[in-house]
Amino acid sequence: MVIASTVSVLAFFGLFGAYPQAFSTFVAAGLSLVLCPLMAWATKGRYHFARLNPVNGPDAHVDDITATHTCADCETAYELPDIADCPVRSGPVCSLCCSLDAHCGDACRKGAAGGPVPMPTPSVRRAAG
């Protein structure tokens, strides 16, 4: 986003000519859409996750990725990739509740003294046919 914004501002001030100046917002949007996946590919995704998911471990084989866990905060069922252990809430927490909470002080990133939180057994919900 920083690269796209910088190039867009330079285009807005006419550094690249009249045509890119008129479409500087589209330059920013286009660069963001192109550079984001390119950077993820170049870094092999190693900077994507803010914290590892210790529910199954980063290298564990998961038989059913759609197995759900209930968020300890909003009590909604989420699939495994969208939850993380929360030492403050003593259970799994969804990414939305995690990003909206400012009181925990990112305890999961700092390595809580208690270690991983035991997780409940996942349940598989079948869609009604």
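Residues numbered from 1 in each chain as written. Predicted model: local features only at pLDDT ≥ 70, side-chain atom pairs only at ≥ 80, totals over all residues. Heavy atoms only, no water.

Novice: Please explain the overall build of the chain as it appears in this structure.
Specialist: The secondary structure content of the chain amounts to four helices and four strands. Ordering the α and β elements of the chain from the N terminus gives α-α-α-β-β-β-β-α. Buried positions account for 19% of the 129 residues belonging to the chain. For the chain, restricting intrachain contacts to residue pairs at least 6 apart in sequence, the fraction spanning at least 24 positions comes to 41%. Just so you have it, the chain exposes about 9,500 Å², and 63% of that area is on carbon and sulfur atoms. (Helix = DSSP H or I, 4+ residues; strand = E, 2+ residues; numbered from the N terminus. Buried < 20%, exposed > 50% of the residue type's maximum accessible area, 1.4 Å probe, protein only. Contact = heavy atoms within 4.5 Å. Areas by Shrake-Rupley, 256 points an atom, 1.4 Å probe, with all protein chains shown as cover.)

Novice: Explain the packing of aromatic side chains here, please?
Specialist: Following the criterion strictly, the structure yields three aromatic pairs and no others. For the ring pair Tyr19 and Phe23, a centre distance of 5.0 Å and an interplane angle of 55° mean the geometry is tilted. Tyr19 gets classed as exposed once you look at its relative accessible area, which sits at 63%. Here Phe23 falls in the partly exposed class, since its relative accessible area comes to 35%. With 6.0 Å between their ring centres and 45° between their planes, Phe23 and Phe26 make a pair best called tilted. (Phe/Tyr/Trp six-rings, centres within 6.5 Å; stacked < 30°, edge-to-face > 60°.)

Novice: So what exactly am I meant to see when it comes to the pairing of strand E4 (residues 91-94) here?
Specialist: Walk down a regular strand and you will see the side chains alternate between the two sheet faces. Note: strand E3 (residues 83-86) against E4, four bridges, orientation antiparallel. Bridge pairing in E4 places Cys86 opposite Gly91. Here E3 hands over to E4 after four residues, with Ser90 in that stretch at a positive phi of 55°. (Pairing = 2+ DSSP bridges.)

Novice: Please clarify how the confidence of the model for the chain should be interpreted in this entry.
Specialist: Chain-level statistics for the chain give a pLDDT mean of 76 and a share of 67% at 70 or above. For the chain, E3 is the element with the lowest average pLDDT, namely 78, and helix H1 (residues 2-12) is the one with the highest, namely 92. (pLDDT = per-residue confidence, 0-100.)

Novice: Looking at this structure, how should I read the packing of H1 against helix H3 (residues 24-42)?
Specialist: Packed helices, taken two at a time, are described by their axes: the angle between them and the distance between them. Relative orientation of the contacting elements H1 and H3 amounts to 155°, with a least axis distance of 8 Å. If you check the angle between H1 and H3, you find them roughly antiparallel. For the crossing formed where H1 meets H3, the hand is right-handed. Each of Ile3, Ala4, Val7, Ser8, Ala11 and Phe12 in H1 lies in contact with H3, whose residues at this interface are Ser24, Thr25, Val27, Ala28, Leu31, Ser32 and Leu35. Taken together, the residues of the contact of H1 with H3 break down into nine nonpolar, four polar and no charged. (Axes fitted to C-alpha atoms, helices over the stretch in contact; angles between N-to-C directions. Parallel < 35°, antiparallel > 145°, perpendicular 65-115°, else oblique. Left-handed = near helix turned anticlockwise from the far one by under 90°. Nonpolar A, V, L, I, M, F, W, Y, C, P; charged D, E, K, R; others polar.)

Novice: Honestly, a nonpolar patch on the surface in this entry has me stumped. Any pointers?
Specialist: Taken together, Leu33, Val34, Leu38 and Trp41 make up a surface patch of nonpolar side chains, about 500 Å² in accessible area. Take Leu38: its relative accessible area is 45%, and that puts it in the partly exposed class. (Patch = residues over 30% accessible without salt bridge, like charges linked within 9 Å, V, L, I, M, F, W, Y side chains within 5 Å. Salt bridge = Lys/Arg side-chain N within 4 Å of Asp/Glu carboxyl O.)

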